[in-house]
Amino acid sequence: MVRLFVKWHAVCCFALFTCFLDAVWGQIRYSIPEELEHGAFVGNIAEDLGLDLDKLSARRFRIVSGAKKQYVEVNLENGVLFVNERIDREELCEQSLSCSFHLQVVIENPLELYRVEMEILDVNDNSPSFPWTEFNLDISESAAPGSRFPLESAQDLDVGSNSLRTYLLSVNEHFLLDIQTRSDGSKFAELVLQNPLDREQQSAHQMVLTAVDGGAPERSGTAQIDITVLDANDNAPVFDQSFYRVRLAENAPKGTVVIKLNASDLDEGPNADITYSFSGHAPIKVRQLFSVDSRTGEIKVKGVIDYEKARMHEIYVQAKDKGPSAVAVHCKVLVNVLDKNDNLPEVILTSVSTPVQEDAPPGTVIAVISVMDKDSGENGNVDCEIPHQIPFQLHSSFKNYYTLVTSDFLDRETVGEYNITLTARDMGSPPLFTRKTILVQVSDVNDNAPHFKQPSYTVYLTENNAPGASICSVAALDPDSGQNAYLSYSILDGDIQGMPVSTYVSINSDNGNIYALRSFDHEQLKNFQVTVQAQDAGFPPLKNNVSVNIFILDQNDNAPVIVSPLPHNDTAPSEAVPRSVDPGYLVTRISAVDADAGQNSRLFYQMLQATDPSLFSVALYTGEIRTIRQLMEKDPTRHRLVILVKDNGQPPLSATVSIILSVVDSLPDSQPDLGDLSLSPHHSSNLTLYLIVSLGAISFTFLVAIIVLVFKKSNLNVRMSTGASGCAETNSTGALPQVYCYKMCLTPESSKSDFMFLKPCSPVLSVQQNNAKSTDYLTSGWSALDRNELSNNRAATPNEVTHVITTGSCKLSLQEGTAPNYSWTPKYTQPHSEPPDYQHNVYIPGTTSGYSTLKLAPRGELDVYNTFSTFGKKKRFISNYEQPFDKDDALISNAIFK
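Note that the structure is predicted; figures quoted are calculated from it, not measured.

Participant: Break down the overall build of the chain for me, with residues and values.
Facilitator: When helices and strands are tallied, the chain shows 8 helices and 56 strands. Within the span of the chain, comprising 898 residues, buried residues form 47% of the whole. Pairs at least 24 apart in sequence give 68% of the contacts found in the chain among residues at least 6 apart. Here the chain displays about 45,100 Å² of accessible surface, and carbon together with sulfur accounts for 52% of that area.

Participant: Pulling in residues and values, what's your account of the pattern of salt bridges?
Facilitator: For the structure on display, the rule yields 18 salt bridges. Where K300 meets E298, a salt bridge forms, and the shortest distance between an N and an O atom there is 3.7 Å. Exposure remark for K300: the relative accessible area of 28% places this residue in the partly exposed category. R425 is paired through a salt bridge with E385; the nearest N and O atoms lie 3.2 Å apart. With a gap of 40 residues between them, R425 in strand β31 (residues 417-426) and E385 in strand β28 (residues 382-385) connect regions that are remote in the sequence. The network of salt bridges with shared partners includes R60, R62 and E108.

Participant: Tell me about the state of the cysteines, and name the residues and values.
Facilitator: Using the criterion set out here, one finds 1 disulfide in the structure. Paired through a disulfide, C93 and C99 show a sulfur-sulfur distance of 1.9 Å. An S-S torsion of about 70 degrees defines the bridge between C93 and C99 as right-handed. Under the relative-accessibility criterion, C93 is labelled buried at 14%.

Participant: Give me the lowdown on the packing of aromatic side chains, citing residues and values where you can.
Facilitator: Applying the stated rule across the entire model yields 12 aromatic pairs. Summarising the aromatic geometry, the rings of W132 and F135 are spaced 6.2 Å apart at their centres and angled 90 degrees between planes, so their arrangement reads as edge-to-face. Of the residues examined, W132 reaches a relative accessible area of 45% and is grouped as partly exposed. An angle of 35 degrees between the planes, with centres 5.4 Å apart, marks the rings of F520 and F528 as tilted. Using a relative accessible area of 6% as the deciding quantity, one classes F528 as buried. Clustering of aromatic rings is evident, with ring pairs tying together F130, W132, F135 and Y167. Just above the ring of Y504 sits the side chain of R518; from NZ or CZ to the centre is 3.9 Å.

Participant: Got a sec to walk through the environment of S370? Specific residues and values, please.
Facilitator: Along the polypeptide, S370 turns up in strand β27 (residues 365-372). When the C-alpha positions of S370 and T350 are compared, they lie 7.0 Å apart, and in sequence the two are 20 residues distant. With residues near it in sequence (within four places) discarded, S370 still touches E346, V347, I348, T350, N400 and Y401.

Participant: For the sheet that holds strand β3 (residues 41-44), give the residues involved together with the corresponding values.
Facilitator: Reading across from one edge, β3-β6-β5 is the order of the 3 strands in this open sheet, with antiparallel pairing throughout. Of all the strands in the sheet, just β3 and β5 (72-75) have a single pairing partner and so form its edges. When the angles between neighbouring strand axes are averaged without regard to direction, this sheet yields 25 degrees. As judged from the 3 bridges shared by β3 and strand β6 (residues 80-83), these two strands associate in the antiparallel manner. Considered in β6, the bridge of F41 is made with F82.

Participant: Describe the sheet that holds strand β51 (residues 638-647), with residues and values.
Facilitator: Across the sheet, which stays open at both edges, the 4 strands sit in the order β45-β52-β51-β48 with mixed pairing between neighbours. For this open sheet the edge positions go to β45 (574-578) and β48 (603-610), each flanked by a neighbour on one side alone. Strand after strand, the sheet turns through a mean of 35 degrees between neighbouring axes, direction not considered.

Participant: Outline the side chain of E190, supporting the account with residue identities and numerical values.
Facilitator: Note on placement: E190 falls in strand β13 (residues 187-193). Of the polar contacts made by the side chain of E190, one reaches the side chain of R148; its length is 3.1 Å. A distance of 3.1 Å separates polar atoms of two side chains, one belonging to E190 and the other to Q180. Setting aside its immediate chain neighbours within four residues, E190 contacts R148, F149, P150, L176, L177, D178, Q180 and H281.

Participant: Please give an account of unusual backbone geometry that cites residues and values.
Facilitator: That bond from A216 to P217 is cis: its omega, 0 degrees, falls within 30 degrees of zero. Tracing the chain through its elements places P217 in the loop between β14 (204-213) and β15 (220-230). Omega for the bond connecting S429 with P430 falls within 30 degrees of zero, at -5 degrees, which places this linkage in the cis form. Its place among the elements puts P430 in the loop between β31 and β32 (433-443). If you check the backbone angles, E35 has positive phi at about 65 degrees while not being a glycine. Tracing the chain through its elements places E35 in the loop between β2 (27-33) and β3. Given the relative accessible area of 26%, E35 is considered partly exposed. One non-glycine residue, N464, adopts positive backbone phi at about 65 degrees. Within the secondary structure, N464 is located in the loop between β34 (456-462) and β35 (470-473). By relative accessible area, which is 36% here, N464 ends up partly exposed.

Participant: Describe the pairing of strand β23 (residues 312-321), and please don't skip the residues or the numbers.
Facilitator: Burial of β23 is extensive: 8 of the 10 residues sit out of reach of the surface. Two elements, strand β20 (residues 274-278) and β23, share 5 bridges in a ladder whose sense is antiparallel. Looking across to β23, one finds that I274 is bridged to D321. Two strands pair when backbone bridges link them, and β23 and strand β24 (residues 329-338) are joined in this way by 8 bridges, in the antiparallel orientation. Paired with E314 across the bridge in β24 is L334.

Participant: Please provide a residue-by-residue account of the environment of Q535, values included.
Facilitator: Assignment of secondary structure puts Q535 in strand β42 (residues 527-536). Here the alpha-carbon distance between Q535 and L487, two residues 48 residues apart in the chain, equals 5.5 Å. When near neighbours in sequence (up to four residues on either side) are disregarded, Q535 contacts P450, Y486, L487, S488, P541, L542 and K543.

Participant: Outline the confidence of the model for the chain, supporting the account with residue identities and numerical values.
Facilitator: Per-chain confidence: the chain averages 75 in pLDDT, with 74% of residues scoring 70 or above. This stretch, residues 1-25, has a pLDDT under 50; its non-local contacts, to residues over four places away or in other chains, come to 38 contacts. Throughout residues 716-898 the model reports pLDDT below 50, and contacts reaching past four residues in sequence, or to other chains, amount to 417 contacts.

What counts and what doesn't
Residues numbered from 1 in each chain as written. Predicted model: local features only at pLDDT ≥ 70, side-chain atom pairs only at ≥ 80, totals over all residues. Heavy atoms only, no water. Helix = DSSP H or I, 4+ residues; strand = E, 2+ residues; numbered from the N terminus. Buried < 20%, exposed > 50% of the residue type's maximum accessible area, 1.4 Å probe, protein only. Contact = heavy atoms within 4.5 Å. Areas by Shrake-Rupley, 256 points an atom, 1.4 Å probe, with all protein chains shown as cover. Salt bridge = Lys/Arg side-chain N within 4 Å of Asp/Glu carboxyl O. Disulfide = S-S within 2.5 Å. Phe/Tyr/Trp six-rings, centres within 6.5 Å; stacked < 30°, edge-to-face > 60°. Lys NZ or Arg CZ within 6 Å of the ring centre and 35° of its normal. Pairing = 2+ DSSP bridges. Axes fitted to C-alpha atoms, helices over the stretch in contact; angles between N-to-C directions. Polar contact = N/O pair within 3.5 Å; in protein donor to acceptor, adjacent residues only side chain to side chain. pLDDT = per-residue confidence, 0-100.

The structure is reproduced here in structure tokens:
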């Protein structure tokens, strides 16, 4: 609703309103009287500028005043310009005939600038006043008719027609009033003697002087003139000239002599002693700026001479002798003030748009700047500049107005804010300058995607972890700021062994901590990979992905399981031993499996209890039970052995088995049924020999093939050493032949092939499938038996034991800056589990090496018996308490633990 200004009707009768539009300069001029109250109507600026009222607020219509006070304001609802604060013309412009101040209208979207000039018209609100209410004049009786006597001037703060118009003198018979006009248009009065005075008739005269202005209604002020008639002093002083013109530099120091006046008197004595002083015509402001030496007549600077306040000064001086009835004479001194470059340029920021978005196009307006200098001429001409090495430019719209715009695209990540130093310098000599710093902040735009600190993450997690525990943390960075840099983490959907990845791990969306949701089992899951996504909160959001590889490390959480021999009907298994056997006779063999991997699955056998410890021993690595000495008649016919099977984990886990050995005179001869090995109770020695020869031939052929492939691939010298060991004996019960391990070492330095024979390794048991069929496996270091099958199926029985040839495993060693180094070395592979994956053969920093922590149990007494390396050699008896360690044993031990 348009606001009505009621008080406007009270002043419209004397307010002069003019408005014109300068099409060239974009200026509007309004004229209003002073002393209008708050809310008084000035004009409809929106209508005068042709602006749409509905868009004033949207375009940020505002008025910027160069004055110290905001005298006018605009109503954005109706576009009316109204008085905001009472305007006192005399306070604003003092005695200047014209009084105005300037406003700047700023409109954005697009940017438009208009200059508004507000002319303040004078109102007759001040009455003329005299400096004193009484004036004393001494006039000699000898004064001739026509003599003039200057009177003190009245002061009227109003100007124009409202200023002092005339003086009136009360009726008398001796004097009349002569009114004169100064160069600035002000009036002053002189008292003119019309008829001669006669002191003897009347020694004093009193009159009333009235000053009247030209306002409507007119105002006036009065003063009383007291005239004393003096005795005659017939010669008055005389100045060299009645008018003087001098120049005075602005800011002249106090005490500077402006001019030295000289007056002469033809009289003698006291009547010729002249004193100088300001006449009554001298304004108060002149008396404040200058002083007159009463004895010498020198006019000196007393106050601050400011060219910007007054460019010239009129000084009225009188000279008077000291004689009786002295008559004062007068002169005028016109002082022209010379301008000096003593005012610094002023910089006014009328509009600043900050912060500015970093994707703002070049040419975006940042600030509107106006400059001014109170000096004149070249001293008042101002030029502005900003540094060149910043992406901003300064454009001049019109005189003393500039716009600060962008000259290039901004990047907050490179520079977040700019301190732009604006230098305004005038053309004076020497030039003066003002520096003003404009802070321009760059607001962020979501133009940077998150990036992770690592290209990928690898996590090694020991199995049997606690569900809900933190397993690792990923971290991403975003160079943006605020919401654009706030990151949230998530795991992308996927499957692990047919199950959603969300059932395995979760992630904290705020900090990137990854948590295990279940306890992992190395025997079921060795490793898996998840994809983590980091997404910022910008619009539109940006994101990035990283792969997290999680390896489940084995833990010794499975105890060895005895698979052969097994108890029958809850009774310990039994074996028959002929009384006539020689030392080193293979009685039976204990077979066990361990579901763990690596060193946790390496098994050792130890005699825990025995009826006669001096009669039987168990091999440390193979579990073979052999006789230590020949049986005697006094030896018991029934022996109970307790065998401890222990793995190499930390801490080690173990299992025990009891076996009953019965000493018999002889074993019955029975031919094994070769059609079904799993049901045949005995084997003949010839069959064992044939089997050994067949296995050796197959192994040899396999090794030769590998050698040929290696020579074709790398053209390296190959040193090959192969070993095979086995037992050539079978027990009288027709036990299955042993499994033999072969080792082949391929080294680039070797130029020959050496073969060595090793001890027999533990047999490998196959896992019976659902069809219960026995299957022979030929495995190598790169083949794998599914550990899950072994854990999910029942343990194999002695009839399900198959023959496996273990050929070793391949180790890959990579060093930075070098080519891969391949070495093919044997691996002591336990038959119950799949061969270890590459983690078992490659040392992982931060984990404990299985080989470095391996603790050897005491060797079995007869480990060296019945091997290829001892074939044909004389047997020697080794007691339970001896620790043999000859050259062959050292070779075997190194081959196993390398």
